[in-house]
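Below are the chains, spelled out letter by letter.
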Amino acid sequence: MTLQALTLREAFHLLWRSWTGRAGIIILGLMVVASIYTLATMPLDYGTRIWNNADYWKDYPKMVPPDWYRVLFDRSLLPHTVMRLETPTSSQVISYAGSNVRVLTYVFTYTYDSPTYPQNVRLAIYGLEAHNPSLPVVLTISLERPDGRIDQLYFEIIRIPPQLAGQKIYIPTPKDVNAYGNQYMASQLSNFYYMRYNVSITPTDLAGFEYGVEKAIFARPLQRGGNIVLEPLNGVYRFTVTIQLTSPQDSVDMVTLAVVGRAYGLMGTDFDGRDLAQALLFGFPIALAIGFVTSAIVSLIGMVLGVFSGYYGGIIDEIVQRTADVLGNIPLLPLLILFTFITPTNLRLQILIITLIVFGWAGLAIIVRSMVLSIKSEQYVEAARALGASNMRIIFRHIVPQVLPYVVAQMIFFVPTAILTEAGLSLLGLGDPSIPTWGQILSRVLDKGAVSIAWWWILPPGLLIVISAVAFVLIALALEPVVDPRLRRRI
């Protein structure tokens, strides 16, 4: 069997016969499937539109482990819960100040059954439309607890600017009410505690770090050792949200209530509450794009220059080889650090790819040139030249097919180099922060000093970087029999 007779199907068969080839192909296949799913389900501007949009992640818990960790290892962690109501539980039109106004009521029922407290309780109102700016919108929240009722846990008057009358406001950023640090709720809870338990905690203390409004909502006060402590009060809680609008035509698109828990999703969240599963998923096409685009262009340039350098010789050979010598002897990492450091952050990924391409082809061109020097002295090449075949025909008919398997193997080898280089620079803080690559996720862990406390934040991106690099190395090792016929006979 000669290299010329090896078809793509035969090459794949050889690749599949070794365990390294099978393992590499399976891992690469899974990465490709994940990339296709990501591109089909997530916007291309996910990084700027969602990942770096702080408002988008307001309902998410901050730096919590995955939900499966709660299920398997720590049942005490409170699960994250978001309740959404697009239509009110009840609606009525009443007469107020000589005008007919519309009152919408939303009821959220939540069963609290945990020894831990939520990080926050957040109410969000989306798409408020009010037509009469002379009357304010009135927001009221009441709470029915297992031990009693607080008629007015929260109260606010929302004045609509005349220029916004009849328009949808609070889109996409909602009107939100947070329990965390809320002095009004602290005052109401303080009064309730005094009336119900005869325990006095000032609103300032209740809203402070020692207690916390988000805890006080789901707790009862106890006297213990001369101190007042809060104890979780499990049971059914009913939040009733009343929105008094300014006319019968007014409306609200949606109201949500989030009980921000202590565990979330498939991969947990980072310090800013961002879903790490989404970022890890988005990293698949980014990693493959960086690796394949860079290695394909580097291999193409190296092969073309190596073939022409070796075949034509003379001044072409001299220019290509001296350029390759210079580029091949320049230390690449300091240059990459310098170029990315002085480049605007939104262009760093492009500069990384360009730098790897400019300095990456030299080694391959030198090796391909030596192969071409040997091939062009073969008898069948001399015979083709004697029969009048053109140089282009000889190159593409007799030389390129000989060097192509080696070039493909080198291309596969170069893919993990590009992926690891991007991850390394991102880890040093020299990546593009607007794109959530795996390296960027790791860099964020270092920035926040969470290496020793947030395993779910650092292990998955690190493992994905290693697994993706190993996949291409396994495929490259399995390609050796394809490149070298002597190895092919042994398997």
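Residues numbered from 1 in each chain as written. Predicted model: local features only at pLDDT ≥ 70, side-chain atom pairs only at ≥ 80, totals over all residues. Heavy atoms only, no water.

## Some thoughts on a nonpolar patch on the surface
This is how it is decided: Each patch is built from residues that are more than 30% exposed by relative accessible area and take part in no salt bridge. Like charges join if they lie within 9 Å; nonpolar side chains (Val, Leu, Ile, Met, Phe, Trp, Tyr) join within 5 Å. All accessibility values rest on the Shrake-Rupley procedure with a 1.4 Å probe; residue burial counts only the protein chains present in the view. We define a salt bridge as a contact between a side-chain nitrogen of Lys or Arg and a carboxyl oxygen of Asp or Glu at a distance within 4 Å. By definition, any uninterrupted DSSP run of H or I lasting at least four residues is a helix, any uninterrupted run of E lasting at least two residues is a strand, and each is numbered from the N terminus.
Among the surface-exposed residues, Trp68, Val71, Leu72, Phe73, Leu266, Trp455, Leu459, Leu463 and Ile467 lie close enough to one another that they form a single nonpolar patch of about 890 Å² accessible area. Considering every element that reaches the nonpolar patch, the biggest residue donor is helix α16 (residues 455-478), with four residues.

## Let's talk about the packing of aromatic side chains
Put simply, the test is: Between the rings of Phe, Tyr and Trp (Trp by its six-membered ring), a pair exists once the centres lie within 6.5 Å; its type follows the angle of the planes, with under 30 degrees stacked, over 60 edge-to-face, and the other angles tilted. The classification of residues rests on relative accessible area computed with a 1.4 Å probe and restricted to protein chains. Under 20% of the type maximum is buried, over 50% is exposed, and intermediate values are partly exposed. Here, a charge over a ring means that NZ of Lys or CZ of Arg falls within 6 Å of the ring centre while also lying within 35 degrees of the ring normal.
One pass over the structure, following the stated rule, counts 22 aromatic pairs. Arranged with centres 6.3 Å apart and planes meeting at 20°, the rings of Tyr56 and Tyr60 form a pair that is stacked. By relative accessible area, which is 37% here, Tyr56 ends up partly exposed. Aromatic pair Phe308 and Tyr312: ring centres 5.6 Å apart, planes at 20°, arrangement stacked. Note that Phe308 and Tyr312 are positioned in helix α8 (residues 276-312) at a spacing of four residues, about one turn of the helix. Judged by relative accessible area, which is 25%, Phe308 ranks as partly exposed. By way of ring pairs, the aromatic residues Tyr46, Trp51, Tyr56, Trp57, Tyr60, Tyr264 and Phe282 are connected into one cluster. When the ring centre of Tyr197 is taken as origin, the NZ or CZ atom of Arg196, which lies over that ring, is 5.0 Å away.

## Some points on unusual backbone geometry
Cis geometry is found at the peptide bond from Ile171 to Pro172, where omega equals -5°. Within the element layout of this structure, Pro172 appears in the loop between β7 (168-169) and β8 (175-178). For Met63, which is not a glycine, the phi torsion comes out positive at approximately 45°. Here Met63 shows up in the loop between α3 (46-51) and α4 (67-72). For Tyr170, which is not glycine, the phi torsion reads 65° and is therefore positive. Locating Tyr170 in the fold gives a position in the loop between β7 and β8. Residue classification places Tyr170 among the partly exposed residues on the basis of a relative accessible area of 24%.

## Some remarks on the pattern of salt bridges
Throughout the structure, instances matching the rule amount to 22 salt bridges. Residue Arg122 pairs with Asp176 through a salt bridge whose shortest N-O separation is 3.3 Å. Of this pair, Arg122 sits in strand β4 (residues 120-129) while Asp176 sits in strand β8, placing them 54 residues apart in sequence. Classification of Arg122 as buried rests on a relative accessible area of 1%. The partner of Asp147 in a salt bridge is Arg145, with the nearest N and O atoms 2.8 Å apart. Accessibility assignment for this pair places Asp147 and Arg145 in one class, buried.

## So, the side chain of Thr294
Put simply, the rule reads: Counted as a polar contact is a pair of N or O atoms within 3.5 Å, where, for protein atoms, one must be capable of donating a hydrogen and the other of accepting one, and residues adjacent in sequence contribute only when both atoms are in side chains. Only heavy atoms enter the contact rule, under which two residues are in contact if any of them lie within 4.5 Å.
Locating Thr294 in the fold gives a position in helix α8. Separated by 2.6 Å, the side chain of Thr294 and the backbone oxygen of Ile290 make a polar contact. Excluding residues within four positions of it along the chain, Thr294 makes contact with Ala289, Ile353, Leu356, Ile357, Phe414 and Ala418.

## Regarding the confidence of the model for the chain
Applied cut-off: You can read pLDDT as the predictor saying how much it trusts each residue, on a scale of 0 to 100.
Confidence along the chain averages 89 in pLDDT terms, with 97% of residues attaining 70 or more. Of all the helices and strands in the chain, helix α18 (residues 485-488) carries the lowest mean pLDDT, 60, while strand β11 (residues 235-244) carries the highest, 96. Confidence drops under a pLDDT of 50 for residues 1-5, and excluding neighbours within four residues, the segment shows eleven contacts in the predicted structure.

## Things to note about the sheet that holds strand β5 (residues 137-145)
Our working definition: For two strands to count as paired, DSSP must find a minimum of two bridges between them. In this description, a line fitted to the C-alpha atoms serves as the axis of each element, helices being fitted only across the stretch in contact, and the angle between N-to-C directions of two axes falls anywhere from 0 to 180 degrees.
Pairing is antiparallel across the open sheet formed by five strands, whose spatial order is β2-β3-β11-β5-β6. Two strands close off the open sheet at either side, each with one partner strand: β2 (90-96) and β6 (148-158). Within the sheet, the average angular offset between the axes of one strand and its neighbour, ignoring direction, is 20°. Looking at chain direction, β5 and β6 are connected through eight bridges and run antiparallel. Considered in β6, the bridge of Arg145 is made with Gly148. Contacts from helix α5 (residues 183-197) reach β5 and β6 within the one sheet, and its direction differs from that of β6 by about 160°.

## Considerations on helix α15 (residues 438-448)
Of all the positions in α15, only Trp438, Gly439, Gln440, Ile441, Leu442, Ser443 and Val445 are classed as buried. As for α15, its buried residues are in contact with α2 (19-41), α8, α14 (391-427) and α16. Downstream of α15 by one or two residues, Gly449 has phi in the positive range, about 65°.

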